[in-house]
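If you want the building blocks of each chain, they are given just below.
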Amino acid sequence: MKRLGVNIDHIATIRNIRGGVEPEPALAALIAQQAGADSIVAHLREDRRHINERDVNILKDVVKVKFNLEMSIAPEIVKIACKLKPGQATLVPEKRREITTEGGLDVVKHKRRISKALSRLSKAGIEVSLFIDPEKIQIKEAADIGAGIVELHTGRYAEAKKDSAREKELLNLIFAAESAKKSGLRVCAGHGLNYFNVGPVAGIKEVEELNIGYSIVCRASIVGFEEAVKSMKRLCKGIYDA
Ligand code: PXP
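Figured I'd write up the structure that's included with this text. (Residues numbered from 1 in each chain as written. Predicted model: local features only at pLDDT ≥ 70, side-chain atom pairs only at ≥ 80, totals over all residues. Heavy atoms only, no water.)

**Here we look at the sheet that holds strand β7 (residues 186–190)**
- Strand order in the closed barrel formed by eight strands is β1-β2-β3-β4-β5-β6-β7-β8, with parallel pairing between adjacent strands. The average angle at which neighbouring strand axes cross in this sheet is 25°, direction not considered.
- Summarising the sheet, β7 and strand β8 (residues 207–212) pair through four bridges and their orientation is parallel. If you follow Ala189 over to β8, its bridge partner there is Leu210. (Pairing = 2+ DSSP bridges. Helix = DSSP H or I, 4+ residues; strand = E, 2+ residues; numbered from the N terminus. Axes fitted to C-alpha atoms, helices over the stretch in contact; angles between N-to-C directions.)

Dropping the structure here:
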């Protein structure tokens, strides 16, 4: 059975659209936790477009399952994380003009800077995961700098339009998951997963945890957050009635 990490960024996006106070991300986190989420994920972006410092401070306080802070390797954000001490930090690339995280970290190109952030976070007692594309070279470099966990970017799989392209991307994910596990890394996966495409990724043996946000928030807008999380959790367990 796979663990489910529920990303609540877009609860904050909705709150921020009109600068109001609802919906409250911490309340969504508690409902998700009660509905079976194994971790709560929030991305403190440098531009604070959704989650802000107030949110992460409250989340750190109230979340009892793992709190996974998604973050860039910018020194300002690393400093905040070291003080906050979430259970896990997931390092992601960040571009100001992207709508959402567009690709994995390039551990080959930015090895020194990623390694420095990883070491500062590890010294603060935080488990570190690197969000990378499902490529052998990225996995090798991630293992080389001592990351304990990698999250495989499922975006290319999720966005594939043709069945043949989706199959190819699924195979890439399977090979990458096997290779990461052989390199001693723990394996997670996420990005663009939804109620219709999560099944095959949840079926990859080496993947321990799926991190999913947007599709859960979308479904929650119709059926409520608790039901949306429970349905996704059933799919993570391999029960296809959602
Ligand atoms: N994992 C990582 C590293 C991400 O950056 C995101 C998006 O914030 C997700 C998972 C969740 O992606 P989605 O919102 O498309 O489910």
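**Notes on the site of the ligand**
- As a structural note, the neighbourhood of the ligand is formed by 13 residues, with Glu70, Glu151, Gly192, Gly213 and Tyr214 the closest of them.
- Between Gly192 and the ligand, the recorded distance is 2.8 Å, taken from a backbone N or O atom to an oxygen atom.
- Per-class residue counts for the shell around the ligand are four nonpolar, six polar and three charged. (Near = heavy atom within 4 Å. Polar contact = N/O pair within 3.5 Å; in protein donor to acceptor, adjacent residues only side chain to side chain. Nonpolar A, V, L, I, M, F, W, Y, C, P; charged D, E, K, R; others polar.)

**Brief notes about a positive patch on the surface**
- Residues Lys79, Lys83, Arg112, Arg113, Lys116 and Arg120 make up a contiguous surface patch of positive charge.
- Listing elements by their share of the positive patch, those giving two or more residues are α4 (75–84) and α5 (111–123).
- At four residues, the largest contribution of residues to the positive patch is made by α5. (Patch = residues over 30% accessible without salt bridge, like charges linked within 9 Å, V, L, I, M, F, W, Y side chains within 5 Å. Areas by Shrake-Rupley, 256 points an atom, 1.4 Å probe, with all protein chains shown as cover. Salt bridge = Lys/Arg side-chain N within 4 Å of Asp/Glu carboxyl O. Lys, Arg positive; Asp, Glu negative; His and termini not counted. Charge placed at Lys NZ, Arg CZ, Asp CG, Glu CD.)

**Looking at the environment of Val6**
- Structurally, Val6 is set in strand β1 (residues 3–7).
- Counting along the chain gives 204 residues from Val6 to Leu210, while the straight-line C-alpha distance between them is 8.5 Å.
- Non-local contacts of Val6, meaning those with residues more than four positions away in its chain, are made with Ala32, Ala37, Ser39, Ile40, Val41, Ile212, Ile216, Phe225 and Val229. (Contact = heavy atoms within 4.5 Å.)

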